[in-house]
Each structure stands twice: as structure tokens, then as C-alpha cells.
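# Examining the three-dimensional arrangement
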Amino acid sequence: MDGQRSAAVWTAINDHARAEGAAVSLEAVCLVCARTLHAQGVSVALNGPLTGYEPVCGSGAVAHRSMDLHVTLGEGPGHDALAGDRPVLVDDLAEHEARRRWPMFAPAAVRAGVRAIFVFPLLLGAISVGVLEVSRAEQGWLTPRQVADALVFADAALLVQVQHLASPADADGADGISAGEEARELRWESDGRWAPVHQATGMVAIQSGTDLSAAFVRLRARAFAEERSLLEVARDVVARRLRFEPD
């Protein structure tokens, strides 16, 4: 990969973190990536033990809508990239091939304002850690240079997550980091937007007398049946506006 482009991406991430007075974070990676690639949204989702696709953070309403659809519907380019450990690049979700591959996700994403999506896996050797997603409101491909930049941003997101796994409480805030510096200078940060899904899943498991996997399936089925987002239904469960009875 071109060293100059890699250095430019890392410099942009570091500059953003310094301007915010914070450590390099996944949020910084997403924000700078969206600005660099002229995308409406950029997000990171991890390979979680419960959902398989677990949103962590995103930049822009389009990114959050895409993540929500992935979780609620259980299909989409993000799931395929996680399962196949390879990029999934879609220039037009309205085309027949996209609707054939993701019959629920593709039309719902188009209605939500996501027309093109480009997903890059975060691979640590043979381990699939997660994905970085670039969402656009208009159809069309990324340029080769934009793809190269997206791969650098995916590496940056991976490095942040690896540091979180190695030492989540480490570092009080480094001024910056380059691709060659030690990962210990990074600190994990997440917006916590998706925490209600985990909390609601546990509550549904207790209410229904089931395990967490079955509880999550029931929660997602309820969201799908009511044509609501999983996050909305989860918040109702946490607020005790909605209760699940045993089967």
C-alpha cells in the first residue's frame, strides 16, 4: 500500500484527535474516514458472540440507519463481509443483484437513504474482528484511491480495537499515533448507542425463561413484525414499556 497515502490518513486521524483534545478512537476513525471519502456515513461493527454483527460506533445518520437494518434484519453486506472475511462492495443497492442477495436489507436500505455501501473486514490474521462500512446516499463506485484509503482506515480501526482487547483501561490520552507507533497509546471509546440491545436481551431472557440467543431472536422478531428498529424495541423493553411473556 502506498506509504504516502497511509501516512496522510494517519496524520488526518491524529489531527482530528488533537483538535478534540482526545485520544485516537473509533469515532475519530469514522469521522475522518467519512470526510476523506466524501461519504454520508462510516461505521464500525464487531464480530460479537450474540448477534454476530455488533454495532460499535458510526458517523452520520445514514451509517446508523445501515447498522440498525443489519442488526434488525440479520442480513446485509456487513454480515457477508464478516462471514466471508473479504470486502463486499456494492455500488447500487437498488439493482436486481443486490435485492436478490439481500431481499430484506437492500430495499429497506434504499428507503432509508443508503444507496451504495462498501464494507471492509478488520482481519487479525485468520480472525475476523469486525468490519468498517462506508455508506453513500448516491449510487456509484469508490475510486481506486478511495479504496486504498478505506483499507488504511480499516487498519486504523483494527488497531484501536486490538488495543482495547489488550488493555481497555490503558493510556490517559496520547496526542497522536502513526502506523508504526505502539498500539498501547490508543484508548478505546464507544458512543454506547447499542448498549440497550444487550440490556434488553438479558431482560427478555429472564422474562421469557430462555437463553440469551433465543431472547435475541424474539427481540429481533418483534422489531421485524412491528416494522420498527431493534434499537427502538430494545429501549421500550429497558424502559419497561414492553414485556415478553414465556412461550
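Further up the page is the structure itself.
These notes cover the structure that comes with them. (Residues numbered from 1 in each chain as written. Predicted model: local features only at pLDDT ≥ 70, side-chain atom pairs only at ≥ 80, totals over all residues. Heavy atoms only, no water.)

### Let's talk about the overall build of the protein chain
What the protein chain contains, in helices and strands, is ten helices and five strands. Taking the intrachain contacts of the protein chain between residues at least 6 apart in sequence as the baseline, contacts between residues at least 24 apart amount to 60%. When the accessible surface of the protein chain is split by element, carbon and sulfur atoms take 51% of a total near 11,200 Å². (Helix = DSSP H or I, 4+ residues; strand = E, 2+ residues; numbered from the N terminus. Contact = heavy atoms within 4.5 Å. Areas by Shrake-Rupley, 256 points an atom, 1.4 Å probe, with all protein chains shown as cover.)

### What to know about the packing of aromatic side chains
Within the structure shown, the criterion is met by one aromatic pair. For the pair Phe118 and Trp141, a centre-to-centre distance of 6.3 Å together with 50° between the ring planes defines the contact as tilted. Note that Phe118 is positioned in strand 4 (residues 116-124) and Trp141 in the loop between strand 5 (127-136) and helix 7 (144-166), a separation of 23 residues in sequence. By relative accessible area, which is 1% here, Phe118 ends up buried. In this structure Trp141 comes out as exposed when scored by relative accessible area, which is 51%. (Phe/Tyr/Trp six-rings, centres within 6.5 Å; stacked < 30°, edge-to-face > 60°. Buried < 20%, exposed > 50% of the residue type's maximum accessible area, 1.4 Å probe, protein only.)

### A short note on the side chain of Glu75
Among the secondary structure elements, Glu75 is positioned in the loop between helix 3 (61-73) and helix 4 (77-84). Buried charge without a salt bridge: Glu75, with Arg220 as the nearest opposite-charge side chain at an N-O distance of 9.6 Å. A distance of 2.7 Å separates a polar atom in the side chain of Glu75 from the backbone nitrogen of Phe105. Discounting residues that sit within four places of it in the chain, Glu75 has contacts with Leu69, His70, Trp102, Pro103, Met104 and Phe105. (Lys, Arg positive; Asp, Glu negative; His and termini not counted. Salt bridge = Lys/Arg side-chain N within 4 Å of Asp/Glu carboxyl O. Polar contact = N/O pair within 3.5 Å; in protein donor to acceptor, adjacent residues only side chain to side chain.)

### A closer look at the side chain of Ser66
Among the secondary structure elements, Ser66 is positioned in helix 3. Classification of Ser66 as buried rests on a relative accessible area of 1%. For Ser66, the contacting residues outside a window of four places in its chain are Phe105, Val114, Ile117, Glu133 and Ser135.

### Quick look at helix 10 (residues 230-238)
An α-helix turns once every 3.6 residues. As a result, residues three or four positions apart point the same way. When helix 10 is considered as a whole, its buried residues turn out to be Leu230, Leu231, Val233, Ala234, Asp236 and Val237. The secondary structure elements touched by the buried residues of helix 10 are helix 3, helix 8 (195-208) and helix 9 (212-225). After helix 10 finishes, the residue Arg240 shows a positive phi value of roughly 65°.

### What to know about the pairing of strand 4
Counting buried positions over the nine residues of strand 4 gives seven, a clear majority of the element. Here three bridges tie strand 3 (residues 88-90) to strand 4, and the two strands are oriented antiparallel to one another. Within the sheet, the bridge partner assigned to Val88 lies in strand 4 and is Val119. Pairing analysis gives nine bridges linking strand 4 to strand 5, with the strands arranged antiparallel. (Pairing = 2+ DSSP bridges.)

### With respect to helix 8
Taking 1.5 Å per residue as the helical rise, helix 8 with its 14 residues ought to reach 20 Å, and the 20 Å between its terminal C-alpha atoms agrees with that figure. Taken together, the buried positions of helix 8 are Pro196, Val197, Ala200, Thr201, Met203, Val204, Ala205, Gln207 and Ser208. Within two residues after helix 8, Gly209 carries a phi angle of roughly 70°, on the positive side. (Expected span 1.5 Å × (residues − 1).)

### With respect to unusual backbone geometry
Here Asp85, not a glycine, exhibits a phi torsion of approximately 55°, which is positive. Relative accessible area serves as the criterion here: at 33%, Asp85 is assigned to the partly exposed category. With a phi close to 55°, Glu227 is a non-glycine residue in the positive phi region. Assignment of secondary structure puts Glu227 in the loop between helix 9 and helix 10.

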